Amino acid sequence: MAAAIACAVAAALLVLCPAWASAAAAVGEGRRLHTLFSVECGDYFDWQAVGLLHSLRKAGQPGGVTRLLSCAEDQLPSYRGLRIGHTLQVPSFSRHPRTGDWYPAINKPAGVVHWLKNSPEADNVDWVVILDADQIVRGPIIPWELGAEKGKPLAAYYGYLKGCDNILAQLHTAHPEFCDKVGGILAMHIDDLRALAPLWLSKTEEVRQDKSHWSTNITGDIYGMGWISEMYGYAFGAAEVGLRHKINDDIMIYPGYTPRPGIEPLILHYGLPFNVGNWSFSKLEHHDDGIVYDCNRLFPPPPFPREVEMMEPDPNVKRGLFLSIECINTLNEGLLLHHASVGCPKAQWSKYLSFLKSRRFSELTKPKYWTGEIVESTMIQHVALSKANRENPKIHTLFSTECSSYFDWQTVGLMHSFRLSRQHGNITRLLSCTDEDLKNYKGHDLAPTHYVPSMNRHPLTGDWYPAINKPAAVLHWLNHVQTDAEFIVILDADMIMRGPITPWEYGAKLGHPVSTPYEYLVGCDNILAKIHTRNPSACEKVGGVIIMHIEDLRRFAMLWLHKSEEVRADKAHYATNITGDIYASGWISEMYGYSFAAAEINLRHIIRKDIMIYPGYVPLPGAKYKVFHYGLRFGVGNWSFDKADWRNADVVNTCWAKFPEPPDPSTIMQEDLEARERDLLSIECGRALNKALYLHHKRRNCPRLDTIHSTSSNKVERIVRESSRSRNRGKPESMDSAREKTVERVAATIPPVHKSRRLARSSRMWIIAVWALSIIVFLLVISIFFTDRRRSASRSRVSRSMKAHV
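Conventions we followed
Residues numbered from 1 in each chain as written. Predicted model: local features only at pLDDT ≥ 70, side-chain atom pairs only at ≥ 80, totals over all residues. Heavy atoms only, no water. Helix = DSSP H or I, 4+ residues; strand = E, 2+ residues; numbered from the N terminus. Expected span 1.5 Å × (residues − 1). Buried < 20%, exposed > 50% of the residue type's maximum accessible area, 1.4 Å probe, protein only. Polar contact = N/O pair within 3.5 Å; in protein donor to acceptor, adjacent residues only side chain to side chain. Disulfide = S-S within 2.5 Å.

**Notes on helix α10 (residues 315-341)**
At 3.6 residues per turn, the α-helix brings residues three or four places apart onto the same side.
And then number 1: For α10, built from 27 residues, the straight-helix expectation of 39 Å at 1.5 Å per residue is met to within 8% by its first-to-last C-alpha distance of 38 Å.
And then number 2: Within α10, 21 of the 27 residues are buried, leaving the element largely enclosed by the surrounding structure.
And then number 3: If you check the start of α10, you find a side-chain oxygen 2.9 Å away from the backbone N of N316, and it comes from D314.
And then number 4: Looking one or two residues past α10, G343 carries a phi angle of roughly 90°, positive in sign.

Below, the structure is given as structure tokens:
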């Protein structure tokens, strides 16, 4: 009877838990499974490890899980996280013992090699799954069910590893034809891992040392800093031993991206910043966050599911938003359970905690099981990324800048937004510099860069006109760079991208570029066009964002430069009533150069009003703008922003410097819906610039804010002096007032955190004082009360005594 009951219970568990069923059935078939992930000693990796381990338990991942912990000897005594999960301590390779190179990413292959050599687990395993710490798992990852075979590991597609197609692979592997662009998740047979791991490590060291080939156009690394050498180490090592991958581009997704219809990704990889409405999350903002050790503290909660339901009408985009909130909710759930497991007191009730413990959340996050396709043939391995790449043309984005702090902070803003926008293809900064400026320039690493001779001062006429650098730089790039892009997107530096700008969305094609309206170019309607183009009827008032076929750009670029020079030289027609230039100084000659050159070869634009908006303008109903162009002053209430105010402020090289924070969106309460939408867009633009600067300073390893408090005022004063001197040259009577305003403006950019800390400290002191006073008053009242009681009792005893004697 007992045996029958046991069999029935086992059968029920197998029916209810298919992952357990697969694992149980596999044990006797050489399918013992183990999961690995690599971390370093520090708070940053500790909260990621807590989230990943919790998600693996919740997903029902079969087999054991080992955290490969890379720690230097001097880190271990102060490290607090040794008890987080099952851990194997690994010698740290962050600082290479031979070359001295600082490259923490090498700890991943080094940790795997150490595990294979030193862990008894490695001798009792048939299959291994290797994950990154910054992942949330949604369902069991069982290699054989996902199509992995011995000799054919399973992996996700990393299409940006372009070094597999060029000289990098030819230099670093004997079999470049076997190089697969993969990463993210690796599921392989233990024998394949034993053959691969030593080469994975050695090839990583080899690529890391090949600094001459770190550039973006060779590696695809947008920073051009060799940071993805470990990924190439894996790809080249696998090619060397002849591993051909089963490639899947749907099993893993970055939160913020939209999954293909019908696909349930099994892994959420939160390596990039993402947002849902006004809420956002970036792991880099929590680099030094000890949240694992602060009882019951969680990451800021994302919107609730019912709020997401109302945000987006497109059901598939909505699914992407649900994945984003699921990622952080699962991470927070893991933190909550971890805090309880280490003896933290019960968390105070809140609506969010109630949701995390609800049946609704449990239903939303129950384990998912893979039902999608696997790319079987190595001949079509790159199909997984997308049919879209075969159907849609390649794109390259360009923007023009100069060697100055003014353009550097604009570059930081644009590059940050480019990464978030999911823009297709690569981006190049066209940097126009004189030889003298280049010697002192500090911003080489801000963006993938093509260097261009400066034409600020025209070599023939001596005319000072920096705007001409834009067409000159585009022409220089075309003449010096080979590109396989079919369409070029040209932007200005003072732009923030909000989404991808694609030719297929707007109908761009050969002979028909796409652009945005510049209605103030009145010269298209008058004598200016008749003088400067043989086809004035084709002159179109466009600019800002340009999407143009590469063949059109090749025919057009030289004319764009020449027409800009021609209009600039035509000083007789600088007048506002002819050009529309309010300064009547010929400053928009480059814009006319564009319009007249396009008319000359009869390029007819598709003009779209819904691509770009100036912050401060009222948006068109229903328009989903892809670009903010903050070329004009804009503001909300008492807050305003004008890029010209920051022409000489070096906010990029001044640690933690930023612009004045715009108001909180929750304070925007206008009954006028148009004004509300306008203000929310303005706030979004201002916040995007500050977010970009914050992450830039984080990447530069700026010292903690509390260590620079004493030097902040000096930096403010220096920035103020430079800004005031420049803006008030020749206006001595206004220097004091301008300086006072600038002091207020710049002072707001650096120490706001200190202010908030001082306020918080002050508030705490007041609370402690009030609390102490309350206790003293309470004790005083109690003392008086009991003293009175004692006196009453004493009087009563005396009275009774007197009565007795009487």
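What follows picks up the thread again.
**Thoughts on the state of the cysteines**
And then number 1: According to the stated counting rule, one finds 6 disulfides in the structure shown.
And then number 2: What pairs with C41 in a disulfide is C71, and their sulfur atoms sit 1.2 Å apart. A torsion of 60° about the S-S bond marks the disulfide between C41 and C71 as right-handed. Here C41 is found in the loop between β1 (33-40) and α3 (43-59), whereas its partner C71 is found in strand β2 (residues 64-71), with 30 residues between them in sequence.
And then number 3: Since its relative accessible area comes to 12%, C41 is described here as buried.
And then number 4: Note that C403 is cross-linked by a disulfide to C433, the S-S spacing being 1.4 Å. Taking the torsion about the S-S bond as the criterion, the C403 to C433 disulfide, at about 85°, is right-handed. With C403 in the loop between β13 (395-402) and α14 (405-421) and C433 in strand β14 (residues 426-433), this pair connects stretches of sequence that are 30 residues apart.
And then number 5: Since its relative accessible area comes to 15%, C403 is described here as buried.
And then number 6: The class for C433 is buried, based on a relative accessible area of 7%.

**What to know about unusual backbone geometry**
And then number 1: Notably, A584 is not glycine yet its phi reads approximately 50°, a positive angle.
And then number 2: Inspection of the secondary structure assignment puts A584 in the loop between α20 (576-579) and α21 (589-600).
And then number 3: Under the relative-accessibility criterion, A584 is labelled partly exposed at 33%.
And then number 4: For N602, which is not glycine, the phi torsion reads 60° and is therefore positive.
And then number 5: Inspection of the secondary structure puts N602 in the loop between α21 and β20 (606-607).
And then number 6: Judged by relative accessible area, N602 falls into the partly exposed class, the value being 40%.

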